[in-house]
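Structural overview
Each chain, letter by letter, is given below.
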Amino acid sequence: MDVDRMRGSGVHALTAEEGLALFDAAQLAGQAHLVPIKLDLKALRSAASSTEVPELFRSLIRRPTTTRRTINSTTGATGATDQAAAFRAELAQLEPEKRERALLDLVLKTTASVLGHHGPDGADAIASERDFLEAGVDSLSATELRTALNRATGLGLPPMAVFDSKTPAGLARTLSVLMDAADQAGTGQRNPTPNDDGGTGSADTVSGLFRATVAAGETTKAFDFLRAVADLRPTFETYEDLTAPLEPVKLADGPARPRLICLSTPMATGGVHQHARFAAQFRDVRHVATLPSPGFREGERLPGSVDALTSVLARSVLEAAQGEPFVLFGYSSGGVLAYGTAARLEREFGIPAAGVVLVDTYRVTQEAGGGMQAQVFQQMSAAMVARDEEYSLFNTAGLSAMRAYFDLLPQFALDEIASPVLFVGAERSFLASETSAPWQARPWNPGHTYRSVSADHFSIVEADAKATAATVEEWISGTL
C-alpha cells in the first residue's frame, strides 16, 4: 500500500540499475543535497487536484495559486483559503439534497486519491456505504484524508472523524453537520469541545502532559499520571455492565475458513484501524474482522479485572465468529489479550480457537517497565509519542485506558492452551540507537511455532504487513 500511495502521488520506484546510475551521476555532479527520484508529472498534477503537493515538488507543476485570507477575528474563523471559501459559497446555493451529494462526491474523490485510485474514474473504486477500514484506510491514510478535507472545506474535522464516521456517506454527513454549525456561528473552523483533546497535545491537557513527561525521559512518572486519571473512571465486571456491546468490524471477506478475528492492541494509538493493512491482504481470500478493546472511547467503562476483560472478549469473539471456526490474532500486547481470551474460551465455553497468532508480542511481567529492559520500554513509549505527532490519536479516554490495561497485562496467566499457536517476530530493532537490551520478542512456550518477518515492531503491521499476512496465511493453510 505504501508503494501504491507513492506511485499515485507521482513518485515511482527506481530499478536497481536506475538507482546505481543516478548514484554515479550524483557523485560526478559535485553538488550537495541531490535527490535521485523518478517522477510522473502527470500523476503529480492529478494528485494535486485533491491532495496537498509536497513543497519539494510545487515548482514542478502548474496549479491555480491560492492565497490565505484572514477573516474578521471576532467571528472566530482564521486561515480559510479562498478555494475553500469558494467551495462553501457554491454549496450554499444548492438545494439540501444536491449539497449532500456534492459533499459525498468530495469525500469519495478525496478518499480515492488518498488510496491511490487516480484519474477521472478513481472515485468509482470507493463505495459510499463501505466501511473505511474495509476499503483499506489506516491511520496514515485517515490522517491524509482528514487533512485534505479540512483544506477543501475550511473546517477542522476532529482527529478520529474518519473512523468515527465509518463510511464515506457518514463522513459526508459529518461534514454537513459541521458546516451548518460553522455557518450559523459565522466561522469556518470547528470549536473543540471541553472534553476533546483534539489531538493537539496542548500543554494543559492529559495528552499534552503525558507527551511532555515522556519527552523529558520520565516515562514512569508519565504512566503514574495516567494511572491517577484511570482510577477516576468507572469499571465493568460483567458483560451486562458494558455501556454497549463490542461490535466487530469486517475488514475483508473470502471463502476460506477459519475466519480471522483480530483483537485490538490496548494502546492509545491502537484500535480497529490498526489491522487495516494486514487485513487488506486477505480480500477475496478469507473473512477478517476486528474487535475493539473496551474502555478506549469516551463514556465506556474500563475492565475491572482480567477475569472481567477475558469474559467480555470471549463472548464478543463467539458473536463475531457466528458459529464458524476462527483464529484469534493479536499484535503486540494485543497478543496477550488474544492468548488469554483463547484460554478463557477453552476453559469456560469448551470452544477452542482453531489457532492463535501472536505478532511480536512481549510477555508483560510485574517488573518495572513490564519486564522489558528499561531502555526498550522508554524508547517504545517515545516512539509511540512521536508516531502520534503524525496521527493525532491521543485523547484522555485512550491514554487512561492504556494505563489501566498496563496494570492488567501482567496478571494474565498465559498457561498452555490446546490451540496451536503461531508467533511472528520482527527481525529488525525499532530502537533509535544500538543497545545490548534483549529487544526481540520471543515465544514464551517452546511448543509455539516461530516465524520471523523482515520488519520492526511497528512496521510488521504497517509497511511490512504484506509479509506478515503471507506468513500467517501460509501457517493457517498448511497447519489448520
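Residues numbered from 1 in each chain as written. Predicted model: local features only at pLDDT ≥ 70, side-chain atom pairs only at ≥ 80, totals over all residues. Heavy atoms only, no water.

One finds Phe-210, Leu-328, Phe-329, Val-357, Met-402, Ile-460 and Val-472 to be the most contacted residues of the largest nonpolar core, which totals 123 residues. Here this core gets nine residues from one element, more than from any other, and that element is helix α13 (residues 306–321). In this view, Phe-329 contacts Leu-260, Ile-261, Cys-262, Leu-263, His-275, Phe-278, Ala-338, Val-357, Val-359 and Val-472; residues no more than four positions away in its chain are not counted. (Core = buried A, V, L, I, M, F, W, Y, C linked by side-chain atoms within 4.5 Å. Buried < 20%, exposed > 50% of the residue type's maximum accessible area, 1.4 Å probe, protein only. Helix = DSSP H or I, 4+ residues; strand = E, 2+ residues; numbered from the N terminus. Contact = heavy atoms within 4.5 Å.)

Moving on, we get to the sheet that holds strand β10 (residues 421–426). Hydrogen bonds between backbone atoms are what pair the strands of a sheet, whose relative direction is either parallel or antiparallel. Taking strand neighbours across the sheet as the criterion, the seven strands line up as β4-β6-β5-β8-β9-β10-β11 in an open arrangement whose pairing is mixed. Two strands close off the open sheet at either side, each with one partner strand: β4 (249–252) and β11 (449–453). For this sheet the average axis-to-axis angle between neighbouring strands, irrespective of direction, equals 25 degrees. Pairing of strand β5 (residues 256–263) with strand β6 (residues 286–291) involves five bridges; the strand directions are parallel. From the neighbouring strand, Leu-263 faces β6, where its bridge partner is Leu-291. Packed onto the sheet, α13 meets β5, β6 and β8 (326–331) and runs at close to 145 degrees relative to β5. Where helix α14 (residues 334–349) meets the sheet, its contacts fall on β5, β8, β9 (355–359) and β10, and the angle it forms with β8 comes to roughly 150 degrees. (Pairing = 2+ DSSP bridges. Axes fitted to C-alpha atoms, helices over the stretch in contact; angles between N-to-C directions.)

Turning our attention to the pattern of salt bridges. Tallied over the full model, the rule gives 17 salt bridges. The salt bridge involving Arg-130 is made with Glu-134; its shortest N-O contact spans 4.0 Å. On the accessibility criterion, Arg-130 (32% relative accessible area) is partly exposed. Taking the relative accessible area as the measure of exposure, Glu-134 reaches 15% and is therefore buried. The salt bridge involving Arg-315 is made with Glu-319; its shortest N-O contact spans 3.7 Å. (Salt bridge = Lys/Arg side-chain N within 4 Å of Asp/Glu carboxyl O.)

In the predicted model, the chain carries a mean pLDDT of 82, and 79% of its residues have values of at least 70. Counting contacts from residues 63–80, a segment whose pLDDT is below 50, to residues more than four positions away or on other chains yields 27 contacts. The model gives residues 190–200 a pLDDT under 50, and that stretch makes 16 contacts with residues more than four places away or in other chains. (pLDDT = per-residue confidence, 0-100.)

Another point: the packing of helix α11 (residues 219–230) against helix α16 (residues 396–408). Between α11 and α16, the least distance of the axes is 8 Å, while the angle of their chain directions is 100 degrees. When the axis of α11 is compared with that of α16, the two are roughly perpendicular. On the side of α11, the interface is formed by Phe-223, Asp-224, Leu-226, Arg-227, Val-229 and Ala-230, while α16 contributes Thr-396, Leu-399, Ser-400, Met-402, Arg-403, Ala-404, Phe-406 and Asp-407. Here the residues of the contact of α11 with α16 are counted per class, giving eight nonpolar, two polar and four charged. (Parallel < 35°, antiparallel > 145°, perpendicular 65-115°, else oblique. Nonpolar A, V, L, I, M, F, W, Y, C, P; charged D, E, K, R; others polar.)

Another aspect to go through is the pairing of β9. Of all five residues making up β9, five are buried, and the element is well covered by its neighbours. Residue alternation in β9 divides its side chains into two sets, Gly-355, Val-357 and Val-359 and Val-356 and Leu-358, and both sets are buried. Both β8 and β9 contribute to a ladder of five bridges, which runs parallel. In the sheet register, Phe-329 faces β9, and the bridge partner there is Val-357.

Attention now moves to unusual backbone geometry. Backbone torsion omega between Arg-257 and Pro-258 reads 15 degrees, so that peptide bond is classified as cis. On the secondary structure map, Pro-258 appears in strand β5. A positive phi angle, close to 55 degrees, is found at Gln-322, a residue other than glycine. Mapped onto the fold, Gln-322 is located in the loop between α13 and β8.

Along its 19 residues, helix α5 (residues 96–114) runs 27 Å from first to last C-alpha, staying within 8% of the 27 Å computed at 1.5 Å per residue. Within α5, burial applies to Arg-99, Leu-103, Leu-104, Leu-106, Val-107, Leu-108, Thr-110, Thr-111, Ala-112, Ser-113 and Val-114. Just downstream of α5 lies Gly-116, where phi reads positive at about 90 degrees. (Expected span 1.5 Å × (residues − 1).)

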